[in-house]
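Each chain is listed here by its residues.
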Amino acid sequence: MRNAWSGHTFPHPAGRRRWMKDAGSMDPERPVQHILEHHRDLGPIFEIIVFGQKFVFVTDAELAAELNDEKRFVKANSPALEGLRGIAGDGLFTAHNEEPNWQLAHDLLVPAFTKQAMQRYHPVMAETLDELFAVWDAGTGRVDASADMTRLTLETIGRTGFSQAFGSFTTDEVHPFVEGMVTALTLGRRKGVIMALPGARILERRLDRKHADQLAYVNQFLDDIVVARRQGVTAGRDDLLGIMLEQAHPETGERLGDENIRYQILTFLVAGHETTSGALSFALYYLLRHPEALAKAQAETDAILGADPDASPSYEQVARFRYVRKVLDEALRLWPTAPGYARSPRETTTLGGRWTMTPDDWALVFLPLVQRDPAVWGDTADDFDPDRPKPRLASTAKPFGTGERACIGRQFALHEATMALARILHRYDLAGDPSYALRIDERLTLMPQGMEIALTRRTPMSGGEAAPAVDSTEVAPAAEPAVCTHSGSALR
Ligand code: MNH
């Protein structure tokens with residue numbers, strides 16, 4: 001994680017100290033929000049040095065577009081990702097580009113995210129959503145939005161990917177695996193931060209010991225999932241777990257090892273739910289603040305789903321919720337729930353025509369600012385407007401990352417979130433607490449906190465504007481093609 005930039009010093013927060021450097025200018029509990037609130041004036045590229053580690057942030061769209069160029073740059077593991085290697089190892093998210101298990105797992109798992117695969121997950125996603133609605137209908141009508149969106153997305157990735165339910169809808173308690181996972185994640189982040197310090201090893205070991213029980217529980221839980229599959233009724237299923245356990249690479253015949261499979265399960269359970277849940281929660285937050293957008297979205301759901309509040313869209317219909325999808329895209333532009341990714345050059349190069357960057361250097365594409373760059377989104381860049389025209393430099397809004405290492409679950413997340421949001425809006429009227437001020441919790445992802453919503457059952461209007469008879473064979477192309485942009489396999 002060397003990041004010397006040939007000795008170059010970028011603009012940095014005022015008040016840098018000789019030993020502590022910029023530690024006083026960052027907030028360990030809410031680093032992303034602190035930058036948005038205090039360091040917007042540091043310019044398109046700036047640095048923060050904490051605990052002996054230099055972080056270089058890129059905040060404007062043009063420099064970000066340059067870093068996104070796969071011909072010159074590749075993914076780098078930021079300290080935050082390196083810190084997670086203790087629990088996620090060479091799993092897809094945390095693997096180094098050149099580690100053989102990345103390509104192997106990527107090639108094996110891309111088929112689990114094709115359109116055909118998504119069509120298999122669709123009914124499971126729909127059923128899970130129905131269970132959430134049953135809980136809501138039986139309850140008080142007041143719900144904690146992010147807690148319930150997290151229940152939904154965890155349950156969905158568990159069931160679709162691993163045939164593993166978490167009982168999220170039958171208890172108010174957080175599943176012990178989730179608690180353990182959060183501990184492990186927090187631990188990883190702390191380790192990532194201190195890694196460059198002298199004596200870090202000792203501190204790391206101390207942290208590990210302190211949480212040993214919970215970490216052991218997480219590992220046991222993951223191993224149990226594998227054992228249950230190998231022996232149980234779900235053996236032979238071709239979900240994520242089935243593919244990992246049973247398939248060999250079509251060309252090399254290689255298989256994933258047991259340890260790597262454990263890393264992948266953890267990776268998918270974590271990556272596959274928090275980010276999507278945050279996206280849904282931010283979308284709900286903005287809809288509550290923008291009644292006109294809410295009304296428009298509800299009208300769209302009426303037009304597509306009709307008068308029956310229990311109507312569940314077919315797989316093809318989900319792509320027709322264009323406005324609902326725009327609401328999610330706009331929420332992810334303003335609050336990208338995975339707020340950044342790191343890039344390094346393949347070979348020594350010059351960034352922005354000025355700064356020498358070697359393969360040992362890396363820069364963070366800081367999405368909350370890149371995606372609010374006034375040069376691209378104008379003076380209203382900070383405003384929520386799902387109908388804003390697509391920007392000229394469209395390629396700079398990248399909440400799912402970029403290139404070969406971009407999110408493998410993008411279509412999964414968008415399908416799941418679009419269907420969930422559409423059905424929620426179709427089925428309920430929502431009211432927020434007008435005095436609620438957005439509070440965002442920063443773990444690995446961004447997540448609104450303490451956002452209560454009052455739900456009342458609504459009577460959808462039959463046949464809004466252009467409500468066509470529900471015809472599941474009609475497939476309108478989505479705003480963006482419904483395919484992943486991953487290398488190799490044709491996913492159409
Ligand atoms: Mn997802 C990589 C954002 C949903 C599984 N994801 C990434 C990256 C971003 C990202 C950004 C790239 C990180 C980097 O370059 O270092 N992911 C999201 C967002 C959502 C999301 C904003 C939801 C909204 N991700 C999902 C879902 C899954 C998933 C759902 C699984 C079902 N993501 C991954 C995996 C990777 C990844 C696995 C690593 C891919 C790779 O490097 O090969």
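Above: the structure in question.
Because the structure is predicted, anything quoted here is derived from the model rather than measured.

Enquirer: Would you take a moment to explain the overall build of the protein for this structure?
Expert: Secondary structure assignment for the protein yields 19 helices and 12 strands. Taken over the C-alpha trace, the protein has a radius of gyration of 22 Å; the compact-globule value for 492 residues is 23 Å, and the two agree within 12%. Dimensions of the protein along its principal axes, counting C-alpha atoms only, are 65 × 60 × 45 Å. The buried share among the 492 residues of the protein stands at 54%. Relative to all contacts within the protein whose residues are 6 or more apart in sequence, the contacts with residues 24 or more apart total 74%. When the 54 positive and 67 negative side-chain charges of the protein are each reduced to one mean point, those points stand 4 Å apart.

Enquirer: Looking at this structure, I do not really get the environment of threonine 186. What am I missing?
Expert: Residue placement: threonine 186 occurs in helix α8 (residues 176–194). Take threonine 186: its relative accessible area is 28%, and that puts it in the partly exposed class. Distance from threonine 186 to glycine 83, taken between C-alpha atoms, is 9.5 Å for residues 103 residues apart in sequence.

Enquirer: Would you mind going over the sheet that holds strand β4 (residues 142–144) with me for this structure?
Expert: Two modes of strand pairing occur in sheets, parallel and antiparallel, and in both the strands are linked by backbone hydrogen bonds. Strand order in the open sheet made by the three strands is β4-β12-β9, with antiparallel pairing throughout. Either end of the sheet is taken by a strand with one partner, and the two such strands are β4 and β9 (428–432). This sheet shows a mean twist of 35° between the axes of neighbouring strands, independent of strand direction. Along the sheet, helix α19 (residues 410–427) contacts β9 and β12 (452–457); its crossing angle with β9, the most-contacted strand, is approximately 95°.

Enquirer: Help me understand the sheet that holds strand β2 (residues 53–58) in this model?
Expert: Spatially, β1-β2-β8-β5-β3 is the arrangement adopted by the five strands of the open sheet, whose pairing is mixed. Unpaired on one side and paired on the other, β1 (45–50) and β3 (73–76) mark the two borders of the sheet. Neighbour to neighbour, the strand axes of the sheet diverge by 40° on average, direction disregarded. As paired elements, β1 and β2 share six bridges and run antiparallel to each other. By the bridge assignment, valine 50 is partnered in β2 with glutamine 53.

Enquirer: Would you mind going over the coordination of the manganese atom of the ligand with me for this structure?
Expert: Six octahedral donors around a metal ideally make angles of 90 or 180 degrees; four tetrahedral donors ideally make 109.5 degrees. Of all protein atoms, Cys407 (SG) alone acts as a donor to the manganese atom of the ligand, lying 2.4 Å away. Looking at the element boundaries, cysteine 407 is found in the loop between α18 (374–377) and α19.

Enquirer: Just checking my understanding: could you explain the site of the ligand for this structure?
Expert: Near the ligand there are 25 residues, and of these Lys75, Leu92, Trp102, Arg405 and Cys407 occur at the shortest range. Within the backbone of leucine 92, one N or O atom sits 3.2 Å away from an oxygen atom of the ligand. At 3.5 Å, a backbone N or O of alanine 271 approaches a nitrogen atom of the ligand. Elements supplying a minimum of two residues to the shell around the ligand: α12 (258–271), α13 (274–289) and α19.

Enquirer: Help me understand the nonpolar core in this model?
Expert: Nonpolar side chains in soluble globular proteins tend to be buried together. Core analysis: the biggest nonpolar cluster contains 109 residues, and Trp136, Phe177, Ile265, Leu269, Leu421 and Leu430 have the highest contact counts within it. Per element, the largest residue contribution to this core is nine residues, and it comes from helix α6 (residues 115–138). Among all residues touching tryptophan 136, those that are not within four sequence positions of it are Val143, Asp148, Met149, Ile424, Tyr428 and Leu455. In terms of nonpolar packing, the next biggest core, distinct from the first, is built from 17 residues, Val58, Ala64, Tyr341 and Trp355 among them.

Enquirer: Help me understand unusual backbone geometry, please; the structure alone is not making it clear to me.
Expert: Negative phi is the rule for most residues except glycine; trans is the rule for most peptide bonds. Residue tryptophan 5 is not a glycine yet carries a positive backbone phi of 50°. Inspection of the secondary structure assignment puts tryptophan 5 in the segment before α1 (31–38).

Enquirer: Would you mind going over the pairing of β2 with me for this structure?
Expert: On a regular strand, one side chain projects to one face of the sheet and the next to the other, so that they alternate. Within β2, six of the six residues are buried, leaving the element largely enclosed by the surrounding structure. Alternating residues of β2 divide into Gln53, Phe55 and Phe57 and Lys54, Val56 and Val58, and every residue in both groups is buried. In textbook terms, the turn of a hairpin is the stretch between consecutive antiparallel strands, and for β1 and β2 this stretch comprises two residues, one of which, phenylalanine 51, has a positive phi near 50°. Two strands pair when backbone bridges link them, and β2 and strand β8 (residues 363–366) are joined in this way by two bridges, in the parallel orientation. The partner of phenylalanine 57 across the bridge, within β8, is leucine 364.

Enquirer: Any chance you could explain the pattern of salt bridges here in plain terms?
Expert: Side-chain pairs of opposite charge can arise where the charged atoms are in close proximity. As enumerated under the stated definition, the model contains 31 salt bridges in all. Across the pair arginine 85 and glutamate 99 runs a salt bridge whose closest N-O atoms are separated by 2.8 Å. One end of the pair, arginine 85, is in helix α4 (residues 85–88); the other, glutamate 99, is in the loop between α4 and α5 (100–109), and 14 residues separate them in sequence. The buried category is assigned to glutamate 99, whose relative accessible area is 19%. Of the charged contacts in the structure, one is a salt bridge between arginine 151 and aspartate 172, with a shortest N-O distance of 4.0 Å. Note that arginine 151 is positioned in helix α7 (residues 145–162) and aspartate 172 in the loop between α7 and α8, a separation of 21 residues in sequence. For arginine 151, a relative accessible area of 19% gives the class buried.

About the criteria used
- Residues numbered from 1 in each chain as written.
- Predicted model: local features only at pLDDT ≥ 70, side-chain atom pairs only at ≥ 80, totals over all residues.
- Heavy atoms only, no water.
- Helix = DSSP H or I, 4+ residues; strand = E, 2+ residues; numbered from the N terminus.
- Rg over C-alpha atoms; globule rule 2.2 N^0.38 Å.
- Buried < 20%, exposed > 50% of the residue type's maximum accessible area, 1.4 Å probe, protein only.
- Contact = heavy atoms within 4.5 Å.
- Lys, Arg positive; Asp, Glu negative; His and termini not counted.
- Charge placed at Lys NZ, Arg CZ, Asp CG, Glu CD.
- Pairing = 2+ DSSP bridges.
- Axes fitted to C-alpha atoms, helices over the stretch in contact; angles between N-to-C directions.
- Donors = N, O, S within 2.8 Å, 3.2 Å for Na, K, Ca; no water.
- Near = heavy atom within 4 Å.
- Polar contact = N/O pair within 3.5 Å; in protein donor to acceptor, adjacent residues only side chain to side chain.
- Core = buried A, V, L, I, M, F, W, Y, C linked by side-chain atoms within 4.5 Å.
- Salt bridge = Lys/Arg side-chain N within 4 Å of Asp/Glu carboxyl O.

Keep in mind these numbers describe shape, not what the thing actually does.
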